[in-house]
Amino acid sequence: MLPPSPQPISRRVERTQDADAAIRQTDSDAALARLSAVKKGYLTDSFIGHLVPRSQLQLPRPPLINVGTYVRSYSIDHLVEEWISISKQEHKPCQIVSLGAGSDTRFWRIATGPYNDYLRVYAELDFPEVTVKKAMSIRKSKQLSTVLGPPENVSLAQGGLALRSPKYHLLPCDLRKPPSEILPSLLGDILSPSSPTLLLFECVLVYMSPEASSNLIQWFVDYFQSSAVSPNPGVLGAIVYEMFGLQDSFGQVMMNNLRSRNVSLIGALPYPSVQTLPERFTRHNFTMSKALTLREIREKFIPKPELARISALEMLDEVEELNLVLDHYAITWGVDLDPTPELSSVGWTQWGMRTARGLPDGHESR
């Protein structure tokens, strides 16, 4: 924090730092919610406790938060696993770039599961204040560090802000800055432009200006489509989890609550309905883009036996409030394919959420 100063510009910088601290705190909230869902039996994750300080002393969250965390995790897990499965079918190990990754444990869950051999690279990008803490937690935890490989192949960089290993890379940056200024040096020697690559945006774009988030997505589109980079560009996919439709009364309550914590949801303004969410990718000429609310996923896409299992874990009294919350969160996914038919597999065009009956579904941009 900068010292108090009568200079107007200093006050503006100070307020910006305060806002960033509030945004970083949302990751801590999400990590505690996931830890609670794990402790209550909604999810299985043996790694999250190593990234939450004093995890054994943390109190469980209310059932509404546990259920919402479960639906979020179920949705993204399903899409990521299907992406890797298609990569496996195509005999092309994939790359995953998690932007605003925070305390996410996905890399460790993939690396210790059946899909490890089909993961070429996993990169996480976030604020330096976040990456330095995560790097420290990884180094301190044998369960986390051993998954990265032999110690001699794992190194800290940038004064402990970054961590690199053969497959996993933890990289500090401010994603709001012009992508051309930060991404080439961070990802240029890591990503292969000919490999299927999946971008993950879990509650990050909603905190960025629409212009900044659009520039970020366009950089990846250009990187994989540029013939100067690769004559055979790889398939690019993306998943976004975020709030939307905040113009109604419930959305206003959500925004006011977050505003009281110095958090602004400027990235949600262009998306008043779930039908508008796919435009985030179609404006970049993605081949396909769809979206679903978490409520739709809970009601139509989670198998009934699984719904019965989680319903038996806790008594949920706030069903109406849960539905209101889930109606304001969504998963959007899209894929950008090479226009040359022989280079594009039909498997990628069918990637997405499937109903409990196995049917693909989702709102498409009109």
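Rules used in this analysis
- Just so you know, the residues in each chain are numbered from 1, in the order the chain's sequence is written.
- Totals for whole chains, interfaces and linings use all residues, but because this is a predicted model, local features are given only for residues with pLDDT of at least 70 and pairs of side-chain atoms are given and counted only at 80 or more.
- The basis for every side-chain value is the complete set of heavy atoms in the structure, and neither hydrogens nor water enter the calculation.
- UniProt positions are given in the numbering used here, feature names are shortened, and annotations may be inferred rather than shown by experiment.
- Helical segments are the DSSP runs of H or I of at least four residues, strand segments are the runs of E of at least two, and each set is numbered from the N terminus.
- Residues are treated as being in contact if the distance between any of their heavy atoms lies within 4.5 Å.
- Among buried residues, the Ala, Val, Leu, Ile, Met, Phe, Trp, Tyr and Cys ones that are joined through side-chain atoms within 4.5 Å form a nonpolar core.
- Each residue's exposure class comes from its accessible area (1.4 Å probe, protein chains only) as a fraction of the maximum for that residue type: buried when under 20%, exposed when over 50%, partly exposed otherwise.
- Whenever Lys or Arg places a side-chain nitrogen within 4 Å of a carboxyl oxygen from Asp or Glu, that contact is recorded as a salt bridge.
- Between 30 and 60 degrees the pair is tilted, below 30 it is stacked and above 60 it is edge-to-face, where a pair is any two Phe, Tyr or Trp rings, Trp via its six-membered ring, whose centres lie within 6.5 Å.
- Put simply, a charge is over a ring when the Lys NZ or the Arg CZ is close to the ring centre, within 6 Å, and near the line of the ring normal, within 35 degrees.
- By definition, two strands form a pair when at least two bridges between them are found by DSSP.
- Between N-to-C directions, angles cover 0 to 180 degrees, with each direction set by a line fitted to C-alpha atoms, over the stretch in contact for helices.
- Between the first and last residue of a helix there are one fewer steps than residues, each counted as 1.5 Å, and that sum is the expected span.
- For classification purposes, an angle smaller than 35 degrees is called roughly parallel, one larger than 145 roughly antiparallel, one from 65 to 115 roughly perpendicular, and anything else oblique.
- What makes a crossing left-handed is the near helix being turned counterclockwise from the far one by less than a right angle; a clockwise turn instead makes it right-handed.
- When residues are grouped by polarity, Ala, Val, Leu, Ile, Met, Phe, Trp, Tyr, Cys and Pro land in nonpolar, Asp, Glu, Lys and Arg in charged, and all others, Gly among them, in polar.
- Polar contacts, as used here, are pairs of N or O atoms within 3.5 Å; protein pairs need one atom able to donate a hydrogen and one able to accept it. Residues neighboring in sequence count only if both atoms are side-chain atoms.

An unreviewed UniProt entry annotates the protein chain as Leucine carboxyl methyltransferase 1 originating from Pisolithus microcarpus 441. Taken verbatim from the UniProt record of the protein chain, the Catalytic activity (unreviewed entry) comment is "[phosphatase 2A protein]-C-terminal L-leucine + S-adenosyl-L-methionine = [phosphatase 2A protein]-C-terminal L-leucine methyl ester + S-adenosyl-L-homocysteine".

Caption draft 1: Inspection of the side chain of T332 at higher detail. Looking at where T332 falls in the secondary structure, it is placed in strand 9 (residues 329-336). Residue contacts for T332: discarding those within four places in its chain leaves A238, I239, V240, L277, P278, F281, S289, K290 and A291.

Caption draft 2: Representation of the nonpolar core within the structure. Residues M243, L265 and W351 are the most contacted members of the largest nonpolar core, which totals 78 residues. With residues up to four places along the chain from it excluded, the contact list for W351 reads L79, E82, W83, I86, L198, G237, A238, I239, M288, W333, G334 and V335. Core analysis: the second largest hydrophobic core is formed by 32 residues, L99, L186, L191 and L199 among them.

Caption draft 3: Examining the pattern of salt bridges more closely. Per the stated rule, a full pass over the model turns up 18 salt bridges. Linking R176 and D174 is a salt bridge whose minimum nitrogen-to-oxygen distance equals 2.8 Å. Across the pair E242 and R280 runs a salt bridge whose closest N-O atoms are separated by 2.9 Å. One end of the pair, E242, is in strand 7 (residues 236-243); the other, R280, is in helix 9 (residues 279-282), and 38 residues separate them in sequence. Taken individually, E242 and R280 each receive the classification buried, so the pair is uniform in this respect. A single salt-bridge network, built from bridges that share partners, covers R34, D45, R72, D77, D104, R106, R109 and E202.

Caption draft 4: Representation of the packing of aromatic side chains in the model. Inspection of every chain in the model, using the stated rule, returns twelve aromatic pairs. Judged by centre distance (4.9 Å) and plane angle (70°), the rings of W83 and W351 are edge-to-face. Of this pair, W83 sits in helix 2 (residues 63-89) while W351 is found in the loop between helix 13 (346-349) and strand 10 (363-364), placing the two residues 268 residues apart along the sequence. For the pair F281 and F286, a centre-to-centre distance of 4.9 Å together with 20° between the ring planes defines the contact as stacked. Through pairs of rings, three or more aromatic residues link up here, namely F107, W108, Y122 and Y168. One residue, R24, lies across the ring of F127, its end atom 5.8 Å from the ring centre.

Caption draft 5: Here's a closer look at the pairing of strand 8 (residues 288-293). Burial of strand 8 is extensive: six of the six residues sit out of reach of the surface. Covered by surrounding structure in strand 8 are M288, K290 and L292 together with S289, A291 and T293, the residues of both alternating faces. Sheet topology note: the strand 8/strand 9 ladder contains six bridges and is antiparallel. Across the sheet, the residue bridging to L292 is I331, located in strand 9. In the sheet, strand 8 pairs with strand 10 via two bridges, with the strands oriented antiparallel.

Caption draft 6: Representation of the sheet that holds strand 4 (residues 162-164) in the model. One open sheet holds the ten strands; their spatial order is 3-4-5-2-1-6-7-9-8-10, and the pairing between them is mixed. Because the sheet does not close on itself, it has two edges, and the strands there are strand 3 (155-157) and strand 10. Packing against the sheet, helix 4 (residues 128-140) makes contact with strand 2 (119-126), strand 3, strand 4 and strand 5 (168-172), and its axis sits at approximately 145° to strand 5.

Caption draft 7: Examining the pairing of strand 5 more closely. For strand 5, the buried fraction is high: five of the five residues fall into the buried class. In terms of strand pairing, strand 4 meets strand 5 through two bridges, oriented antiparallel. Its bridge partner being in strand 5, R164 is matched across the sheet by H169. Count of turn residues in the strand 4/strand 5 antiparallel hairpin: three residues.

Caption draft 8: Local environment of the environment of F47. Within the fold, F47 resides in the loop between helix 1 (8-39) and helix 2. Taking the C-alpha atoms as reference, F47 lies 6.4 Å from T105; in sequence the two are 58 residues apart. For F47, the contacting residues outside a window of four places in its chain are T105, W108, R109, T112, Q143, L144 and V147.

Caption draft 9: A look at helix 7 (residues 210-225). For helix 7, built from 16 residues, the straight-helix expectation of 22 Å at 1.5 Å per residue is met to within 8% by its first-to-last C-alpha distance of 22 Å. Every buried residue of helix 7 is listed here: A212, S213, L216, I217, W219, F220, V221, Y223 and F224. Those residues of helix 7 hidden inside the fold are in contact with strand 1 (94-99), helix 6 (179-187), strand 6 (197-202), strand 7, helix 9 and strand 9.

Caption draft 10: Up close: the packing of helix 6 against helix 7. Closest axis-to-axis distance for the helix 6/helix 7 pair is 10 Å, and the angle between their directions is 45°. Judged by the inter-axis angle, helix 6 sits oblique to helix 7. In this structure, helix 6 meets helix 7 at a crossing whose hand is right-handed. Residues P179, S180, L183, P184 and L187 of helix 6 pack against N215, L216, W219 and F220 of helix 7. Broken down by class, the residue content of the contact of helix 6 with helix 7 amounts to seven nonpolar, two polar and no charged.

Caption draft 11: Layout of the UniProt feature "binding site: S-adenosyl-L-methionine" (unreviewed entry) in the protein chain. The UniProt feature table records "binding site: S-adenosyl-L-methionine" (unreviewed entry) at R72, G100, D174, L175 and E202. The topology assignment puts D174 in the loop between strand 5 and helix 6. For D174, a relative accessible area of 18% corresponds to the buried category. With residues up to four places along the chain from it excluded, the contact list for D174 reads F127 and I182. At 2.8 Å, the side chain of D174 forms a polar contact with the side chain of R176. Relative to the helices and strands, E202 is located in strand 6. E202 has contacts with R72, I76, L99, G100, D104, R106 and Y241, leaving out every residue within four places of it along the chain. Within the structure, the side chain of E202 is placed 3.0 Å from the side chain of R72, a separation counted as a polar contact.

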